[in-house]
Amino acid sequence: MDKNAYGFRPKRSVADAIEQCFKATCRKTSAQWILEGDIKACFDEIGHQWLTENIPMDKTMLNKWLTSGYIEKGLFYHTDAGTPQGGIISPTLMLLTLSGLEKCVKQAAPKKADKINFISYADDFVITGASKEVLESKIKPLVEAFLRERGLSLSQEKTRIAHISEGFDFLGFNIRKYNDKLLIKPAKENVLSFVRNIRAIIKKHPTMAAGDLIRILNPKIRGWANYYRHSVAKQTFGYVDCQVFKSLYRWAKRRHPNKSTGWIVRKYFRTELSSKWKFQGVSAQEHQFLVEMASVPIKRHLKIRGDANPYDPNYVEYFQRRSRRKLGRNTWVDTTLTAL
């Protein structure tokens, strides 16, 4: 299995893939060009013949799984290629199909001066190179041939070669150098999409109790913030908090069009403990407060070792140390004072 493949593998995450991108591009002497790749309809196009000939498992069971078909809107469809998306072994088959791509890429440009690095997550990957010519003439044709053998192809719309100063988006992050300083931020498109989603939820529930609305919003806000907490996201968190606050204030104003701003603030916002207005409400007889993204601590992620395998007894102690280090780090609680 490729050392720098992080999708659908235990003990590995998006944060590990992004940290590897940082390590591969952060220095002044690092690779300056990036091949940003995406495999077109990966799960739907994997060749059955290649899977049958190369996947080490019971062939009869594999063939039955691949050709079982699917039902959509009451109609049965045969499957001549690909694996069922959402199927229990589909991620494993996809990983085995793409296994070896990193080794092939590095063999195509073995010189250290070529600065080839490979990072993948499921069917998305990036490859670094010292020059655009190396990526265009050596790496991209090899990747296309590797995928063609397996019935796959690159998506021409999403695959591009870019300079690190232009930046590129990978797994919802924007990775770009500003005057030789590498910054990894939440991608603008993802930020705007999340804000639109929150606004739609608030607008969809004009008569819901404030506490119940908070119970819907908090998991989404907390989850989104935790996903980006290892990046340069403090300014983005402040922006999202501001947009959510504006949406909630409009929500409260529409509920009480004849009430003054002061009345609305006293009913829906807490201001006693800080200068900020914090949205509040009651749900299931419990006082609820809206999570603030700005309160999420930004902390650098410690990447997993490339050769670490959770099924290898030699790494038991290593993974135990990582688990102990994460205790208490990935959760955060906003404590509130209660009246005596």
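This structure is a prediction, so every number in the text was calculated from the model and none was measured.

1. Here we look at the packing of aromatic side chains
- Tallying each qualifying case throughout the model produces 18 aromatic pairs.
- Relative to Phe279, the ring of Phe269 has its centre 5.5 Å away and its plane inclined at 65°; by these criteria the two rings are edge-to-face. One end of the pair, Phe269, is in strand 10 (residues 269-270); the other, Phe279, is in strand 11 (residues 278-283), with 10 residues separating them in the sequence. Of the two residues, Phe269 and Phe279, both sit in the buried class.
- Both rings, one in Tyr318 and one in Phe319, keep their centres 5.3 Å apart while their planes meet at 70°; by these two values the pair is edge-to-face.
- Overall, the relative accessible area of 10% leaves Tyr318 in the buried class.

2. Points about the pattern of salt bridges
- A complete count under the given rule lists six salt bridges for this structure.
- One salt bridge in this structure joins Glu317 and Arg321, with 3.6 Å as the shortest N-O distance. On the criterion of helical spacing, the pair formed by Glu317 and Arg321 is a turn pair, its members being four residues apart in helix 12 (residues 316-326).
- On the accessibility criterion, Glu317 (53% relative accessible area) is exposed.

3. Some points on the pairing of strand 11
- Among the six residues that make up strand 11, five are buried, leaving the element largely enclosed by the rest of the structure.
- In this sheet, strand 11 lies alongside strand 10 in antiparallel orientation, the contact comprising two bridges. In the strand pairing of strand 11, Arg270 is matched with Lys278.
- By the bridge criterion, four bridges tie strand 11 to strand 12 (residues 286-289) in an arrangement that is antiparallel. Bridge pairing links Val282 to His287 in strand 12.

Basis of the calculations
Residues numbered from 1 in each chain as written. Predicted model: local features only at pLDDT ≥ 70, side-chain atom pairs only at ≥ 80, totals over all residues. Heavy atoms only, no water. Phe/Tyr/Trp six-rings, centres within 6.5 Å; stacked < 30°, edge-to-face > 60°. Helix = DSSP H or I, 4+ residues; strand = E, 2+ residues; numbered from the N terminus. Buried < 20%, exposed > 50% of the residue type's maximum accessible area, 1.4 Å probe, protein only. Salt bridge = Lys/Arg side-chain N within 4 Å of Asp/Glu carboxyl O. Pairing = 2+ DSSP bridges.

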